[in-house]
Amino acid sequence: EDARKEAAFEARIAAGDFIEAKDWMPEHYRKTLVRQISQHAHSEIVGMLPEGNWISRAPTLKRKAILLAKVQDEGGHGLYLYAAAETLGTSRDQMLDALHSGKAKYSSIFNYPTLTWADIGVIGWLVDGAAIMNQVPLCRCSFAPYARAMIRVCREESFHQRQGYESLLVMMRDGTEAQKAMVQDAVNRWWWPSLMMFGPADKDSSNSEQSMRWGIKRISNDDLRQKFVDATIPQAEVLGVTVPDADLKWNAETGQYDFGAIDWAEFWRVVGGDGPCNRERLATRVKAWDDGAWVREAALAHAKKQATRAQA
Ligand code: ACO
């Protein structure tokens, strides 16, 4: 019976059909989606921290309003994504428990510190730029609730990318020498971690083959990384900054940029919990959860009271 259902499922995938939450799906497909969507949700929520760090220190009211809106958007993305993962039969408590106990992964990028105001612009430009590159193909993910969530998320990410790039343009055009140097320094620190966001090289990507076959991933880690480099280098030229890669070179034959080797040891160290800010990020999330316990308890008590009153 299951073999028959599986064959029907594979046929739907092969035909380019989208799968809804209540449709039959193989257990492994369900697990892969819960893994990826929950990691993605955790990334959005943890991703609020490096930028939240600068809300109280934004240089102008305009920049502060933009940054506040952006950080709130990230919180909203996390909530859509937790909701999409819940449709697969896992509870939000289970997912958060996995995050808080250090079992769940979230994007390596959010374990780096935001040292100066220029980091905020560079995160918008490079980090959100990389996120869009990775997430646009997810709008066609075979699991429809995830694909639908990605459409709105990508629209908002595109605003995030533009606000970051624009703030850097202002600093590079009208700024002092010190401000320009601050932008270049931020680019130097964020460039390689941004390239790592796309995940391990295809040959070392344990989940890619199956996820590509199922239409969960549409474009491979390495192909997305290449597209990101090709799109970003001309933007760096307009901005007047360089990227810290001596091997970066236009290749007229392939019509792409060749670029240097990624430090995979650093990548795996950060993924494994030993990056510059992993402990701080996790501790901040756990504290926020613990500090909010009374709100959850009060909301539950209130809901219970309302329900009893409605019965009476
Ligand atoms: N940071 C942390 N862990 C990573 C990263 C990264 N940058 N890249 C890969 N990994 C992990 C994978 O989660 C996987 O771990 P697991 O098997 O224990 O779950 C392992 O490394 C091997 O990688 P892959 O086999 O390539 O994993 P996968 O097929 O899931 O591809 C990718 C990774 C590309 C990140 C994919 O999960 C994805 O597209 N996710 C959705 C997008 C997302 O999460 N973005 C978050 C950052 S953007 C933002 O929040 C603004």
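About the criteria used
Residues numbered from 1 in each chain as written. Predicted model: local features only at pLDDT ≥ 70, side-chain atom pairs only at ≥ 80, totals over all residues. Heavy atoms only, no water. Helix = DSSP H or I, 4+ residues; strand = E, 2+ residues; numbered from the N terminus. Buried < 20%, exposed > 50% of the residue type's maximum accessible area, 1.4 Å probe, protein only. Contact = heavy atoms within 4.5 Å. Salt bridge = Lys/Arg side-chain N within 4 Å of Asp/Glu carboxyl O. Near = heavy atom within 4 Å. Polar contact = N/O pair within 3.5 Å; in protein donor to acceptor, adjacent residues only side chain to side chain. Areas by Shrake-Rupley, 256 points an atom, 1.4 Å probe, with all protein chains shown as cover. Phe/Tyr/Trp six-rings, centres within 6.5 Å; stacked < 30°, edge-to-face > 60°. Axes fitted to C-alpha atoms, helices over the stretch in contact; angles between N-to-C directions. Core = buried A, V, L, I, M, F, W, Y, C linked by side-chain atoms within 4.5 Å. Left-handed = near helix turned anticlockwise from the far one by under 90°. Nonpolar A, V, L, I, M, F, W, Y, C, P; charged D, E, K, R; others polar. pLDDT = per-residue confidence, 0-100. Lys, Arg positive; Asp, Glu negative; His and termini not counted. Disulfide = S-S within 2.5 Å.

**Student:** When you look at the overall build of the protein in this model, what are you seeing that I'm missing?
**Tutor:** A tally of regular secondary structure across the protein gives 13 helices and two strands. Overall, the protein is about 70 × 50 × 30 Å in size when its C-alpha atoms are taken along their principal axes. Across the 312 residues that make up the protein, the buried fraction comes to 48%. Within the protein, counting contacts between residues at least 6 apart in sequence, those at least 24 apart form 76% of the total.

**Student:** Teacher, can you tell me more about the pattern of salt bridges here?
**Tutor:** A side chain with one charge may pair with a side chain of the opposite charge, provided their charged atoms come close. Under the counting rule described, the total for this entry stands at 21 salt bridges. Among the ionic contacts, a cluster of salt bridges with common partners joins Glu 51, Lys 70, Glu 74 and Asp 128.

**Student:** Help me understand the site of the ligand, please; the structure alone is not making it clear to me.
**Tutor:** Around the ligand, 30 residues are found, and the nearest of them are Gln 39, Lys 105, Ser 108, Ser 205 and Lys 217. The separation between a nitrogen atom of the ligand and a polar main-chain atom of Met 196 is 3.3 Å. Side-chain polar atom of Ser 205 to an oxygen atom of the ligand: 2.7 Å apart, as the coordinates give it. Across the complex, the protein chains shield 91% of the 960 Å² of accessible surface that the ligand would expose by itself.

**Student:** Quick question: what am I supposed to make of the packing of aromatic side chains here?
**Tutor:** The description of an aromatic ring pair rests on the distance of the ring centres and on the angle between the ring planes. Under the definition given, this model contains eleven aromatic pairs. Between the aromatic rings of Tyr 29 and Trp 214, the centroid separation amounts to 5.4 Å while the plane-to-plane angle is 90 degrees, which identifies the pairing as edge-to-face. Taken together, the residues span a long stretch of sequence, with Tyr 29 in helix α2 (residues 27-46) and Trp 214 in the loop between α9 (208-213) and α10 (221-239) at a distance of 185 residues. A relative accessible area of 0% places Tyr 29 in the buried class.

**Student:** Please explain the packing of helix α8 (residues 177-196) against α10 as it appears in this structure.
**Tutor:** Relative orientation and spacing of two packed helices are given, respectively, by the angle between their axes and the distance between those axes. For the pair α8 and α10, interaxial distance at closest approach is 10 Å and the crossing angle is 145 degrees. Counted together, Trp 191, Ser 194, Leu 195 and Met 196 of α8 and Arg 225, Phe 228, Val 229, Thr 232 and Ile 233 of α10 form the full contact between these two elements.

**Student:** Help me understand the nonpolar core, please; the structure alone is not making it clear to me.
**Tutor:** In summary, soluble globular proteins display a tendency toward joint burial of nonpolar side chains. Ranked by size, the top nonpolar core spans 74 residues in total, and within it Tyr 29 and Phe 143 carry the most contacts. Contacts of Tyr 29, omitting those with residues within four sequence positions, involve Phe 9, Ile 13, Ile 19, Ser 142, Phe 143, Trp 214 and Ile 216.

**Student:** Help me out: how do you make sense of the packing of helix α6 (residues 117-135) against α8 in this one?
**Tutor:** With their axes 9 Å apart at the nearest point, α6 and α8 run at an angle of 35 degrees to one another. Seen from above, α6 lies across α8 with right-handed handedness. When α6 is examined against α8, the residues Trp 117, Ala 118, Asp 119, Val 122, Ile 123, Trp 125, Leu 126, Val 127 and Ala 130 are found in contact with a partner set consisting of Met 182, Val 183, Ala 186, Val 187, Arg 189, Trp 190, Trp 191 and Ser 194. Considering only residue class, the contact of α6 with α8 consists of 14 nonpolar, one polar and two charged.

**Student:** Looking at this structure, how should I read helix α5 (residues 92-100)?
**Tutor:** Helical geometry note: an α-helix holds 3.6 residues per turn, so side chains three or four residues apart project in the same direction. Taken as a whole, α5 has its buried residues at Met 95, Leu 96, Ala 98, Leu 99 and His 100. Two residues or fewer after α5 comes Gly 102, characterised by a positive phi angle close to 85 degrees.

**Student:** Please clarify how the confidence of the model for the protein should be interpreted in this entry.
**Tutor:** This prediction gives the protein a mean pLDDT of 97; 100% of its residues lie at or above 70. Interface confidence for the predicted complex, given as ipTM, is 0.98, next to a pTM of 0.96.

**Student:** Whenever I open this one, the side chain of Asp 73 confuses me. Can you help?
**Tutor:** For Asp 73, the location among the structural elements is in helix α4 (residues 61-86). One buried charged residue, Asp 73, remains without a salt bridge, the closest side chain of opposite sign being Arg 152 at 6.6 Å.

**Student:** I tried to follow the environment of Asn 207 on my own but got confused; where do I start?
**Tutor:** Along the chain, Asn 207 falls in the loop between α8 and α9. When the C-alpha atoms of Asn 207 and Gly 124 are compared, they prove to be 28 Å apart, with 83 residues separating the residues in sequence.

**Student:** In this structure, what is going on with the side chain of Ser 208? I would like to understand it.
**Tutor:** By secondary structure assignment, the location of Ser 208 is in helix α9. Apart from residues lying up to four places away in sequence, Ser 208 is in contact with Lys 217 and Asn 221.

**Student:** Help me understand the environment of Thr 284 in this model?
**Tutor:** Within the element layout of this structure, Thr 284 appears in helix α12 (residues 278-291). Exposure remark for Thr 284: the relative accessible area of 37% places this residue in the partly exposed category. Put simply, Thr 284 and Glu 177 are 107 residues apart on the chain and 35 Å apart in space, counted from C-alpha to C-alpha.

**Student:** Explain the state of the cysteines here, please?
**Tutor:** In a disulfide, the sulfur atoms of two cysteines are covalently bonded to one another. Summed over all chains, the structure comprises zero disulfides. The closest cysteine sulfur to the non-disulfide-bonded Cys 139 is located on Cys 154, 3.9 Å from its own sulfur.

**Student:** How do you make sense of the environment of Ile 55 when you look at a structure like this?
**Tutor:** You can see Ile 55 is positioned in the loop between α3 (48-52) and α4. When the C-alpha atoms of Ile 55 and Leu 68 are compared, they prove to be 6.5 Å apart, with 13 residues separating the residues in sequence. Setting aside its immediate chain neighbours within four residues, Ile 55 contacts Lys 64, Leu 67, Leu 68 and Val 71.

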